[in-house]
Number of protein chains: 2
Amino acid sequence: MTEPPHTPPRLRLRLVFGPDIMFGPGKADLLDGIRETGSIAAAGRRMGMSYKRAWSLVETMNAAFAKPLVASARGGSGGGGAQLTEAGQAALAHYRRFEEAAARAGAEDIAALVAMLRPGLTMDISDDT
Amino acid sequence: MTEPPHTPPRLRLRLVFGPDIMFGPGKADLLDGIRETGSIAAAGRRMGMSYKRAWSLVETMNAAFAKPLVASARGGSGGGGAQLTEAGQAALAHYRRFEEAAARAGAEDIAALVAMLRPGLTMDISDDT
């Protein structure tokens with residue numbers, strides 16, 4: 001069995017604005033999903049997130065920013081629809097540009113870290129730390 | 001009461017090498033602590049981490065990299081001491097350089113996001129997402 005070579009790592013970048021105020025890949029992906037599906041529930045669903053959780057994240061974001069990032073109407077059975085506001089589009093764009101810039105700027109050190117990994121690592125060494 | 005202005009956010013950058021292989025701020029801080037204290041237990045303690053948890057993270061890192069990052073001897077009551085190997089020093093240095101490069105490269109977009117936050121935000125909008 002040939003082992004796949006290590007692919008470039010995925011970056012998960014979290015901005016911690018305060019002790020309990022942060023913006024990271026989960027919120028960014030949720031905004032992307034709302035933009036693409038027009039629905040908070042649908043955006044959450046495709047991330048494996050409950051309806052309640054997705055709504056809670058949207059409320060968190062809308063409370064943290066001076067202008068809400070998501071405009072929505074709690075609807076009936078079909079849902080009321082949701083979309084990114086101008087502020088939401090701007091915040092998402094800034095975050096994605098930061099991600100790209102970080103990946104570019106760190107490419108050399110990231111590659112060096114990847115080169116240090118054990119070849120053909122297959123064991124489950126799970127740890128979200 | 002005057003509200004403090006938003007300070008530059010802290011960045012938490014996590015490299016996801018595979019489905020369950022990642023390197024992020026927790027492991028980096030633990031390596032820093034081991035370097036500074038010469039002890040896995042002491043390094044974990046100052047992060048509010050149990051002895052068992054700190055050891056587990058070290059074992060995870062040593063398994064993920066081709067060469068171990070931490071050399072240690074499980075000792076008696078005083079602990080056996082631990083230090084970063086050359087590989088450990090190199091991995092930590094690469095991660096810290098990546099952090100600095102990312103912060104520099106993303107400074108403009110990060111500042112733009114900070115400027116969009118609600119002024120004087122004091123509520124607890126905790127979410128690690």
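By convention here, each chain's residues receive numbers from 1 onward along its written sequence. Each chain is given a letter, starting from A, and each ligand a number, starting from 1, according to the order in which they appear as written. Per-residue local features of the predicted model are confined to residues with pLDDT of at least 70, and side-chain atom pairs are confined, for both listing and counting, to 80 or more; whole-chain, interface and lining totals are unaffected and use all residues. Values reported for side chains reflect all heavy atoms of the structure, with hydrogen atoms and water molecules removed beforehand.

Trainee: For this particular structure, what's the right way to read the packing of aromatic side chains?
Mentor: Paired rings are identified among Phe, Tyr and Trp, the last through its six-membered ring, by centres lying within 6.5 Å, and are further divided according to the angle between planes into stacked (under 30 degrees), edge-to-face (over 60) and tilted (the rest). Inspection of the entire model under this criterion finds 6 aromatic pairs over all chains. Among the aromatic residues, those joined into a ring-pair cluster are A:Phe23, A:Phe65 and A:Tyr95.

Trainee: What's the story with the packing of helix α4 (residues 86-105) of chain A against helix α4 (residues 86-105) of chain B in this structure? I'm lost.
Mentor: The geometry of a pair of packed helices is captured by two quantities: the angle between their axes and the separation between those axes. For helices, the axis comes from a line fit to the C-alpha atoms of the stretch in contact; other axes are also lines fit to C-alpha atoms, and the angle between any two N-to-C directions lies between 0 and 180 degrees. Strands are runs of DSSP state E lasting at least two residues, helices are runs of H or I lasting at least four, and both sets are numbered from the N terminus onward. Running from amino to carboxyl end, α4(A) crosses α4(B) at an angle of 135 degrees, the nearest separation of the two axes being 8 Å. Judged on the interaxial angle alone, α4(B) and α4(A) are oblique. Helix-helix and strand crossings are classified by hand; for α4(A) and α4(B) the assignment is right-handed. On the side of α4(A), the interface is formed by A:Phe98, A:Ala101, A:Ala102 and A:Ala105, while α4(B) contributes B:Phe98, B:Ala101, B:Ala102 and B:Ala105. Class assignment of the residues belonging to the contact of α4(A) with α4(B) gives a composition of 8 nonpolar, no polar and no charged. Any angle that falls under 35 degrees is termed roughly parallel, while one over 145 is termed roughly antiparallel, one within 65 to 115 roughly perpendicular, and all others oblique. Left-handed describes a crossing whose near helix is turned anticlockwise from the far helix by less than a right angle; the clockwise case is right-handed. It only takes one pair of heavy atoms within 4.5 Å for two residues to be counted as in contact. Only Asp, Glu, Lys and Arg are considered charged, only Ala, Val, Leu, Ile, Met, Phe, Trp, Tyr, Cys and Pro nonpolar, and every remaining residue, Gly among them, polar.

Trainee: It is not clear to me how the nonpolar core should be interpreted in this structure. Could you clarify?
Mentor: General note: in soluble globular proteins, nonpolar side chains tend to be found buried as a group. To form a nonpolar core, buried Ala, Val, Leu, Ile, Met, Phe, Trp, Tyr and Cys residues must be joined to one another through side-chain atoms within 4.5 Å. Buried, partly exposed and exposed residues are distinguished by accessible area as a fraction of the type maximum, computed with a 1.4 Å probe on protein chains only: under 20%, between the cut-offs, and over 50%, respectively. With 70 residues, the main nonpolar core has A:Leu69 and B:Leu69 as its most contacted residues. With sequence-adjacent residues up to four places away left out, A:Leu69 is seen in contact with A:Phe23, A:Leu31, A:Met61, A:Asn62, A:Gln83, A:Leu84, A:Thr85, A:Ala87, A:Gly88, A:Ala91 and B:Met116.

Trainee: Honestly, the environment of B:Leu113 in this entry has me stumped. Any pointers?
Mentor: Residues and elements named next belong to chain B. With respect to the helices and strands, the residue Leu113 is situated in helix α5 (residues 107-115). Using a relative accessible area of 0% as the deciding quantity, one classes Leu113 as buried. Separated by 104 residues in the primary sequence, Leu113 and Pro9 have C-alpha atoms spaced 9.7 Å apart.

Trainee: Would you mind showing me how to read the sheet that holds strand β1 (residues 10-18) of chain B here?
Mentor: Think of a sheet as strands paired side by side through backbone hydrogen bonds, with each pair either parallel or antiparallel. Note on pairing: DSSP must find at least two bridges between two strands before they are called paired. Spatially, β2(A)-β1(A)-β1(B)-β2(B) is the arrangement adopted by the 4 strands of the open sheet, whose pairing is antiparallel. The open sheet is flanked by β2 (21-23) of chain A together with β2 (21-23) of chain B, the only strands paired with a single partner. Mean inter-strand twist for the sheet, computed between neighbouring axes without regard to direction, equals 25 degrees. Running at roughly 60 degrees to β2(B), helix α1 (residues 25-37) of chain B makes contact with β1 and β2 of chain B of the sheet.

Trainee: What should I look at first to understand the relation of the copies chain B and chain A in this one?
Mentor: A rotation about some axis, followed by a shift along it, carries one copy of the chain onto the other. If you rotate chain B by 180 degrees and push it 0.0 Å along the axis, it lands on chain A with an RMSD of 0.0 Å. The symmetry that links the two subunits is that of a two-fold axis. An overlap of 100% is found between the interface residues of chain B and their copies at the interface of chain A, pointing to a shared contact surface. We place the copies in one frame by least squares, fitting the C-alpha atoms of every residue whose pLDDT is at least 70 in both.

Trainee: Would you explain the pattern of salt bridges in this entry?
Mentor: Any two side chains of opposite charge can pair if their charged atoms end up close together. All names here are of chain A. One speaks of a salt bridge when a side-chain nitrogen belonging to Lys or Arg is within 4 Å of a carboxyl oxygen belonging to Asp or Glu. Applying the stated criterion across every chain yields a total of 14 salt bridges over all chains. Here Arg96 ties to Asp29 by a salt bridge, and the two come within 2.8 Å at their closest N and O atoms. Of the two residues, Arg96 sits in helix α4 while Asp29 sits in helix α1 (residues 25-37), which places them 67 residues apart along the sequence. Judged by its relative accessible area of 34%, Asp29 falls in the partly exposed class. In this structure, the salt-bridge partner of Glu36 is Arg35, at a minimum N-O distance of 3.4 Å. Residue Glu36 is classed as partly exposed on the basis of its relative accessible area of 47%. Residues joined by salt bridges that share partners form a network here, namely Asp29, Asp32, Arg35, Glu36, Arg46, Arg96 and Glu99.

Trainee: Looking at this structure, I do not really get the pairing of strand β1 (residues 10-18) of chain A. What am I missing?
Mentor: The two faces of the sheet receive side chains in turn, since in a regular strand these alternate between them. With 7 of 9 residues buried, β1(A) lies mostly within the body of the structure. Sheet analysis places β1(A) next to β1(B), joined by 7 bridges and oriented antiparallel. If you follow A:Leu15 over to β1(B), its bridge partner there is B:Leu11. The pairing of β1(A) with β2(A) spans 3 bridges and is antiparallel.

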